[in-house]
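Chain by chain, the residues run as shown.
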Amino acid sequence: MGGFNSFVKLFMPKDRVFYSLFEDVAANLVEMAQVLNELVNTNDLSLRKDKVHLIERLEHKNDDYTHRIFVELGQNFITPFDREDIHYLAATLDDVADYIHGSAKRIDLYKVYELNDSIRKLVELIGLGVAELHKAIPELRDMKNMRNITDACVKINSLENHADDIYDMAIADLFSTETNAAELIKMREIYQALEIATDKCEDCANVIETIIIKYA
């Protein structure tokens, strides 16, 4: 199927390839968030290891898509929207992937066996955020359903606010209950990576809003 898709892409108007690549990235992020959710909901360490490896592979796949977007930007004189918006959207989507991967890697490297509800909740919010990006990005093709795009962006903003609250409470709780300095640092780093992933989703939503304001 992959070969046929590449064949079809050869005959696409050159500016259409951006939509297709952004949709690939969005679908890949949904998969990464799903795997991260599976990872934080199991205590089976070998299963967790498998999930970390899978997230790593998906993150590499994301790097490939991002690289292709940048290559297309370099080669195409015609782009569907401003070059810097394409560049920034690709970079921020890639950041979401990096922080999902970073969270998984830290949970694995730091051998954190007991994962708490704050971690699971932050992971759930990342999943909801990327699902909204996955709804909004295909709408950029024709911009007929502006409402769908703005609704998704508004939801992402409120998810990010919710994530901030959970992060603040988790950190406060950590400092009041954790007496082991090493454990405290490990947990704080995991919380930070998860919270930054939700921030990056919001950055993506902001770029998408910038694009639709210019073209609406």
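Residues numbered from 1 in each chain as written. Predicted model: local features only at pLDDT ≥ 70, side-chain atom pairs only at ≥ 80, totals over all residues. Heavy atoms only, no water.

1. Side note on the nonpolar core
Item 1. With 67 residues, the main nonpolar core has F22, L89, L93, I119, L140, Y191 and I208 as its most contacted residues.
Item 2. Among the elements that make up this core, the one with the highest residue count is helix 2 (residues 17–40) (14 residues).
Item 3. Apart from the residues lying within four places of it in its own chain, the contact partners of I208 are L89, L133, A136, I137, L140, I149 and C153. (Core = buried A, V, L, I, M, F, W, Y, C linked by side-chain atoms within 4.5 Å. Buried < 20%, exposed > 50% of the residue type's maximum accessible area, 1.4 Å probe, protein only. Helix = DSSP H or I, 4+ residues; strand = E, 2+ residues; numbered from the N terminus. Contact = heavy atoms within 4.5 Å.)

2. Looking at the side chain of E132
Item 1. Mapped onto the secondary structure, E132 falls in helix 5 (residues 117–139).
Item 2. In this structure E132 comes out as buried when scored by relative accessible area, which is 8%.
Item 3. E132 has contacts with A152, K155 and I156, leaving out every residue within four places of it along the chain.

3. Digging into empty space enclosed by the protein
Item 1. If you walk through the whole model with that rule in mind, you get one cavity of 30 Å³ or more.
Item 2. Approximately 30 Å³ is the volume attributed to the largest cavity.
Item 3. Lining the largest cavity are L125, I126, G129, I156, L159, E160, T198 and C201.
Item 4. If you list the elements that add at least two residues to the lining of the largest cavity, you get helix 5, helix 6 (146–177) and helix 7 (181–215). (1 Å grid on protein atoms, 1.4 Å probe; cavity = no way out; pocket = protein on both sides within 12 Å on 5 of 7 lines; lining within 4 Å. Points joined across faces, edges and corners; volume = space filled by probe spheres on them.)

4. Describing helix 3 (residues 45–75)
Item 1. Between its first and last C-alpha atoms helix 3 spans 45 Å; for 31 residues at 1.5 Å apiece the expected length is 45 Å, and the two agree.
Item 2. For helix 3, every residue scored as buried is listed here: R48, K51, V52, I55, L58, E59, N62, Y65, T66, I69, E72 and L73. (Expected span 1.5 Å × (residues − 1).)

5. Structural notes on the packing of helix 5 against helix 7
The axes of two packed helices give the description: the angle between them and the distance between them.
Item 1. At a minimum axis separation of 10 Å, helix 5 and helix 7 run at an interaxial angle of 20°. With respect to helix 7, the element helix 5 is oriented roughly parallel. The hand of the helix 5/helix 7 crossing is left-handed. Seen from helix 5, the contacting residues are S118, I119, L122, V123, I126, G129, V130, L133, A136 and I137; seen from helix 7, they are M187, I190, Y191, L194, A197, T198, C201, C204, A205 and I208.
Item 2. Partitioning the contact of helix 5 with helix 7 into residue classes produces 17 nonpolar, three polar and no charged. (Axes fitted to C-alpha atoms, helices over the stretch in contact; angles between N-to-C directions. Parallel < 35°, antiparallel > 145°, perpendicular 65-115°, else oblique. Left-handed = near helix turned anticlockwise from the far one by under 90°. Nonpolar A, V, L, I, M, F, W, Y, C, P; charged D, E, K, R; others polar.)

6. Overview of the environment of A104
Item 1. Position of A104 among the secondary structure elements: in helix 4 (residues 83–109).
Item 2. The exposure class assigned to A104 is buried, which follows from its relative accessible area of 0%.
Item 3. Each C-alpha atom, one on A104 and one on A193, is 9.2 Å from the other, the two residues being 89 residues apart in sequence.

Remember, this is a structural readout, not a statement about activity or role.
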